[in-house]
Amino acid sequence: MTVKRIGVIGGGQLAWMMAKAAQRLGFDLIIQTPQKNDPAVSIATEVIFAPIDDKAATIELADHCDVITFENEFIDLEGLKPLEKRGVRFCPSLKVMTLLVDKYRQRSYLQHIGLPVPKFTTLENLSSFNFSFPIVLKVRRHGYDGQGTFIIKTPEELEITAKNLEGKEVMVEEFVPFERELAVMAARSVTGEIAVYPLVETYQSNQVCRWVLVSGDISTEVQKEVKQIAINLLTRLEVVGILGIELFLTPQNQVLVNEIAPRTHNSGHYTLDACKISQFEMQLRALSGLPLDSTELNCLGAVMINLLGYEHSRQNYLEKRQKLSEISCSHVHWYGKTNIRPGRKIGHVTVLLEKNEITSSSKIRRQHLLEIAQKVESIWYSQ
Ligand code: ADP
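Quick caveat, the model's predicted, so the values are computed rather than measured.

Visitor: Quick one: what's the story with empty space enclosed by the protein, residue by residue and with numbers?
Guide: If you walk through the whole model with that rule in mind, you get one cavity of 30 Å³ or more. The computed volume of the largest cavity comes to approximately 50 Å³. As for the largest cavity, its lining consists of Lys 103, Gln 106, Arg 107, Lys 138, Met 171, Asn 258 and Glu 259. At the level of elements, helix 5 (103-112) and strand 14 (255-261) are the ones that each hand at least two residues to the lining of the largest cavity. Counting residues per element, the lining of the largest cavity draws most heavily on helix 5, at three residues.

Okay, structure coming up:
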């Protein structure tokens, strides 16, 4: 089937970045999003203004495009299933989405196919779970950026948090005292072709991603193991689209899969500037059947730093963005959000290491990239 018009349920920054890739590839992008000031509205070919879980709007969206993809998980899966039965093409399929959007169901599936995961259970079954504090509580659906993830240190905290979450389905898992957090983007095309990007290191503070390092400073064994995990997952699920895979690396060098996002992901934003083909273009290539092409870096390394809101404002922070763009080899991406609040992702900066820079070792590269991240954060968060 020839794909010309691609529908996206969602119009946030991921759809905004996807729309730029769509323009480059000559696709029309039609989005379903609630607000007229959502990031992708200004750049999409066509917009259907409606909430993400509005089924009637998705029926209209389906009438306007050849295939529908996702940029978030706030969808009404049950509502979409009759559409798929009627022949509407979703990428990834709703079978894949059903397995992945619920954290508990996802984790059970990963365990079922033999992937290494942290120990987990449901809140109802906690009494039969052999655990010691700290533990981690996660709301099974609709959590993002740490919203819905709670690190619990005492029985008292557990009681209070469980009470606050009453009525919600909750997963519980062991706290992993990880050495590092890792992530990888991996795509599978409608033709079965698979492409895996480099393994990167991420850093979260209060469960929100602050920066992503692309330094190569991860052992070859771990890189190989994660690549195999990505390939297994894409193949077994017959995914058509792209997955963001988040992992923990333990002090014993054990890899544990934390979470899978069935879409483009913050940990892959660096690909916009550091790779020939960005994760957004890769997603479009995968669902349209174009060759996936290269996932290689076009530089020696990179660091992506999220620009998080640190106050309530409607500013555009032009002066700070100017300063950030003066850093050598930096690329500033501004999502144009009008309603800024603390912790909200409002842009990001990627700084590349040129091929002739600091070539000696991945350890030195990592250190250098960390220093750049600190510099960017000190400019951004200075009052
Ligand atoms: P979200 O879907 O909100 O991003 P995650 O499961 O990715 O939720 O958790 C966000 C962050 O919380 C992780 O990146 C990690 O830093 C921390 N975290 C989550 N689960 C655990 C765990 N089991 N042990 C230790 N830290 C965790």
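Now that the structure has been shown, we can carry on.
Visitor: Describe the site of the ligand, naming the residues involved and giving the relevant values.
Guide: The local shell around the ligand holds 19 residues, among which Lys 103, Lys 138, Gly 146, Glu 173 and Glu 181 are the closest. The separation between an oxygen atom of the ligand and a polar side-chain atom of Lys 138 is 2.8 Å. At 2.8 Å from an oxygen atom of the ligand is found a side-chain nitrogen or oxygen belonging to Glu 259. A total of 550 Å² of accessible area belongs to the ligand in isolation, and the protein chains cover 94% of it. Elements with a contribution of two residues or more to the shell around the ligand: strand 6 (135-139), strand 8 (170-174), strand 13 (241-249) and strand 14. For the shell around the ligand, the class distribution of residues is six nonpolar, five polar and eight charged.

Visitor: Please give an account of the sheet that holds strand 4 (residues 67-70) that cites residues and values.
Guide: Taken in spatial order, the four strands of this open sheet run 3-2-1-4, and their pairing is parallel. Single-partner strands in this sheet number two, and they are strand 3 (46-49) and strand 4. For this sheet, the mean inter-axis angle between neighbouring strands, taken without regard to orientation, is 25 degrees. Where strand 2 (residues 28-33) meets strand 3, four bridges bridge the pair, whose relative direction is parallel.

Visitor: So, unusual backbone geometry: which residues are in play, and what are the values?
Guide: With an omega of -5 degrees, the peptide bond running from Cys 91 to Pro 92 counts as cis. Positionally, Pro 92 belongs in the loop between helix 3 (77-85) and helix 4 (94-100). At the junction of Phe 133 and Pro 134, the peptide bond is cis and its omega measures out at 0 degrees in the coordinates. With respect to the secondary-structure elements, Pro 134 resides in the loop between strand 5 (120-122) and strand 6. At Gln 207, a position not held by glycine, the phi torsion is positive, near 70 degrees. Residue placement: Gln 207 occurs in the loop between strand 11 (200-205) and strand 12 (208-214). By relative accessible area, which is 32% here, Gln 207 ends up partly exposed. Of note, Cys 329 is a non-glycine position whose phi angle comes to about 60 degrees, a positive value. A residue is classified by how much of its surface remains accessible, and Cys 329, at 22% relative accessible area, is partly exposed.

Visitor: Describe the sheet that holds strand 6, and please don't skip the residues or the numbers.
Guide: Pairing within the open sheet is antiparallel, and its four strands lie in the order 5-8-6-7. For this open sheet the edge positions go to strand 5 and strand 7 (149-152), each flanked by a neighbour on one side alone. Each strand of the sheet is rotated relative to its neighbour by a mean of 25 degrees, with strand direction disregarded. As paired elements, strand 6 and strand 8 share five bridges and run antiparallel to each other. Among the inter-strand pairings, Leu 137 is bridged to a residue of strand 8, identified as Val 172. Those strands touched by helix 5 are strand 5, strand 6 and strand 8, and its axis lies near 140 degrees from that of strand 5.

Reading guide: rules and limits
- Residues numbered from 1 in each chain as written.
- Predicted model: local features only at pLDDT ≥ 70, side-chain atom pairs only at ≥ 80, totals over all residues.
- Heavy atoms only, no water.
- 1 Å grid on protein atoms, 1.4 Å probe; cavity = no way out; pocket = protein on both sides within 12 Å on 5 of 7 lines; lining within 4 Å.
- Points joined across faces, edges and corners; volume = space filled by probe spheres on them.
- Helix = DSSP H or I, 4+ residues; strand = E, 2+ residues; numbered from the N terminus.
- Near = heavy atom within 4 Å.
- Polar contact = N/O pair within 3.5 Å; in protein donor to acceptor, adjacent residues only side chain to side chain.
- Areas by Shrake-Rupley, 256 points an atom, 1.4 Å probe, with all protein chains shown as cover.
- Nonpolar A, V, L, I, M, F, W, Y, C, P; charged D, E, K, R; others polar.
- Pairing = 2+ DSSP bridges.
- Axes fitted to C-alpha atoms, helices over the stretch in contact; angles between N-to-C directions.
- Buried < 20%, exposed > 50% of the residue type's maximum accessible area, 1.4 Å probe, protein only.
- Contact = heavy atoms within 4.5 Å.

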